[in-house]
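# Structural description and commentary
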Amino acid sequence: MKRKLVIVMVGLPARGKSTMARKLGRTLEMDGVKVRIFNNGELRRRLDIDADTSSSEFFSPANAKGVGIREKISRMTIEAAQSFFAEGGEVAIMDASNVTRERRRTIAAAFPDQPLCFVECLNADDEALEANLERKAGLKEFRHLTPEKAQESFLKRIAFYESIYEPLDAEANRILVDSFDSCILQEQITDVLPYYDRIRDIITTRVVRNLFLVRHGETHFNREDRIGGDSDLTDKGRDQANALAEHFATVRIPIIFTSNYKRTLQTATPIAERQDPCSIIALPEFNEIHAGVCEGMTYEEIRRKMPHVARARGPNKYRYVYPDGEGYRTMEDRVHRGLKKVFFLNNYDENIMIVGHRAVNRMILSSFLSRQEEEIPYIYMPQDRYYHIQIDPHKRIFELIPYRSVLTTW
Ligand code: F6P
């Protein structure tokens, strides 16, 4: 069987195509396949073009100059992929929107000897899409615009693509992927495609290269043993955040995910300041367990003033739900949803950092570990160490690392 394949990404902007392309590319590369990604957008940003290629007008189908430049860029990436095959390359991933049949026919015609597999990325989750737009609006290409203007411009760009979008239907080998849920929605494969089983596997498997799961630094509430609330870091907590920043200064962290609470944001800020560039994305899904009527109380006060709560929670901590609040069990869905957002927004970067809370971090960790549910609310979640998590088909590593130690390179 021929070992060459062209994977053609398809989809509107911000639907997770590049993340999926990177996931496919990096994993196939680790399998020993000679693979390369040809990304039209990256080439456009690299070339010295006599036009404002970040403005929405550049993407208007009525803008002949813009259309011409984009066609030229597409020809350039196709030629680069042809040379890659001529030099022994095995899998070329064409990463662009490729939303018109004409564009897809042009790509197919350029590779008469290699089978093609079209991978369309959809994302029907509005919140994730919105968060992705916010992330994109923060990219270098939009630095000259305010975040609002950048988002407006990006939305217009999407609308232009929508106006010319033609669904995959005539193409022989096509697969429709929900890039938020990492699942296959439809597939129609007529040829025998090399690597196809592996591709399906990669699309649906979550690989974690380096997830740094950090608990926020000490807060005033922690010092008093009070639960919940939205208190600030203490001096010790700020010192812990600075030590974390120092510790991670040599590791590239492009995005730090936090909750909406001050303690996680105050911990993430110094870490982000030592990185270049690094954005902080606050996800409500990572807010700490809400203790309902017990918010702001100490465990001792709960035992004294609400003995029924202490009695009921003790033996059944995972399933127990605080009156007017939450329990570990009821947090499951939202925390898992937060994790999906993380993997969707992280652009398949090797390093991911989450700064969360004691209960939330236990839930995050447990989603990778097979632990009995009774054990989850007791997982050790200290403030002077973080978990370094690595998961791929060959290994599952969960390491608890003191951050005042010297960092070895990953
Ligand atoms: O004490 C800090 C805290 O994050 C509280 O806000 C939260 O209620 C608690 O830890 C969760 O831990 P546990 O489930 O062991 O009470």
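Since the structure is predicted, the reported quantities are computational estimates derived from the model, not experimental observations.

Spatially, S2-S3-S1-S4-S5-S6 is the arrangement adopted by the 6 strands of the open sheet, whose pairing is mixed. Pairing within the sheet leaves two strands with one partner each, and these edge strands are strand S2 (35–39) and strand S6 (183–188). Adjacent strand axes in the sheet meet at a mean angle of 20° when their direction is disregarded. As paired elements, strand S1 (residues 5–10) and strand S3 (residues 91–95) share 4 bridges and run parallel to each other. If you follow Val8 over to S3, its bridge partner there is Met94.

Let's shift gears to the domain arrangement of the protein chain. Each assigned domain of the protein chain is listed with its residue range as follows: domain 1 (5–204) and domain 2 (208–402). Using C-alpha coordinates to define each centre, domain 1 is positioned 34 Å away from domain 2. Contact residues are listed per partner, giving 21 residues for domain 1 and 16 residues for domain 2. Each partner contributes to the roughly 1,600 Å² buried at the junction of domain 1 and domain 2, and carbon and sulfur atoms together form 56% of this total. Here domain 1 is connected to domain 2 by 5 salt bridges.

With that settled, the discussion passes to the nonpolar core. Among the nonpolar cores identified, the biggest contains 44 residues, and Phe257, Phe286, Cys294, Ile354, Ile364 and Phe368 are the most heavily contacted of them. Where this core is concerned, the elements lending two or more residues are helix H5 (126–137), strand S7 (208–215), strand S8 (255–258), helix H13 (328–345), strand S10 (351–356), helix H14 (358–368) and strand S11 (385–392). Broken down by element, this core gets its largest block of residues, 8 residues, from H13. Each of domain 1 (5–204) and domain 2 (208–402) gives at least three residues to this core. Leu5, Ile93, Tyr195 and Ile203 belong to the second largest nonpolar core, which has 22 residues in total.

What follows covers the environment of Glu301. By secondary structure assignment, the location of Glu301 is in helix H11 (residues 299–305). Linking Glu301 and Ala137, residues 164 residues apart in sequence, is a C-alpha distance of 46 Å. Not counting the four nearest positions on each side in its chain, Glu301 is found in contact with Arg226, Gly296 and Met306.

Around the ligand sit 13 residues in total, of which Gly228, Glu288, Tyr299, Lys317 and Tyr328 are the nearest. Within the side chain of Tyr328, a nitrogen or oxygen atom sits 2.6 Å from an oxygen atom of the ligand. Surface burial for the ligand is 95%, taken as the share of its 400 Å² of free accessible area covered by protein chains. Take the shell around the ligand: its biggest share by element is 3 residues, from H14. Here the residues of the shell around the ligand are counted per class, giving 5 nonpolar, 2 polar and 6 charged.

Let us look at helix H4 (residues 101–110). The set of residues buried in H4 consists of Arg103, Arg104, Ile107 and Ala110. One side of H4 carries all its buried residues, which in axial view fall inside an arc of 125°. Set apart from the buried face of H4 by more than 90 degrees, the exposed residues are Glu102, Arg105 and Ala109. Looking at the buried side of H4, the elements it contacts are S1, helix H2 (40–46), helix H3 (64–86), S3 and strand S4 (116–122).

Glancing now at the sheet that holds S8. An order of S9-S8-S10-S7-S11-S12 is seen for the 6 strands of this open sheet, with the pairing classed as mixed. Whereas interior strands pair on both sides, the edge strands pair on one side only; in this sheet they are strand S9 (279–282) and strand S12 (395–402). Averaged over all pairs of adjacent strands, the angle between strand axes in this sheet comes to 20°, irrespective of strand direction. Sheet analysis places S8 next to S9, joined by 4 bridges and oriented parallel. Looking at S9, one finds that Thr258 is bridged to Ala282. Along the sheet, H13 contacts S7, S8, S9 and S10; its crossing angle with S10, the most-contacted strand, is approximately 145°.

Now for unusual backbone geometry. Going from Asp276 to Pro277, the amide bond is cis rather than trans, its omega being -10°. For Pro277, the location among the structural elements is in the loop between helix H10 (262–273) and S9. One non-glycine residue with positive phi stands out, namely Ala14, at about 70°. In this structure, Ala14 sits in the loop between S1 and helix H1 (17–30). Residue classification places Ala14 among the buried positions, given a relative accessible area of 4%. Of note, Asp324 is a non-glycine position whose phi angle comes to about 60°, a positive value. With respect to the helices and strands, the residue Asp324 is situated in the loop between helix H12 (307–313) and H13. Looking at Asp324, the relative accessible area reads 69%, which means it is exposed.

Conventions adopted
Position numbers for residues count from 1 along each chain, tracking the sequence in the order it is written. Given that the model is predicted, a residue must reach a pLDDT of at least 70 before its local features are reported, and side-chain atom pairs must reach 80 or more before they are shown or counted; all residues, however, enter totals for whole chains, interfaces and linings. For side-chain calculations, the full set of non-hydrogen atoms in the structure is used, while hydrogens and water are omitted. The pairing criterion is simple: DSSP has to find at least two bridges between the two strands. Numbering goes from the N terminus for both helices and strands, where a helix is a DSSP run of H or I of at least four residues and a strand is a run of E of at least two. Between the N-to-C directions of two axes lies an angle of 0 to 180 degrees, each axis being a line fitted to C-alpha atoms and, for a helix, fitted only over the stretch in contact. Each domain's extent is set by a domain assignment, obtained either automatically or from a database. Throughout, a residue-residue contact means that at least one pair of heavy atoms, one from each residue, lies within 4.5 Å. Note on definitions: buried area is the accessible-area loss of two parts on being combined, 1.4 Å probe, summed for both. By convention in these notes, a salt bridge is any Lys or Arg side-chain nitrogen within 4 Å of a carboxyl oxygen on Asp or Glu. Definition used in this section: a nonpolar core is a set of buried Ala, Val, Leu, Ile, Met, Phe, Trp, Tyr and Cys residues joined via side-chain atoms within 4.5 Å. Here the term buried applies to any residue with accessible area under 20% of the maximum for its type, exposed to any over 50%, and partly exposed to those in between, with areas from a 1.4 Å probe on protein chains only. Summary of the distance rule: residues count as near a molecule or strand when at least one heavy atom falls within 4 Å of that molecule or strand. We call two N or O atoms a polar contact when they sit within 3.5 Å, provided that within protein one can donate a hydrogen and the other can accept it, with sequence-adjacent residues counted only if both atoms are side-chain atoms. Reported accessibility uses the Shrake-Rupley method at a 1.4 Å probe radius. Residues are deemed covered only where the shown protein chains occlude them. By the convention adopted, Pro, Cys, Tyr, Trp, Phe, Met, Ile, Leu, Val and Ala count as nonpolar, Lys, Arg, Asp and Glu as charged, and the other residues, Gly among them, as polar. In this description, the arc belongs to the directions extending from the helix axis to the C-beta atoms.

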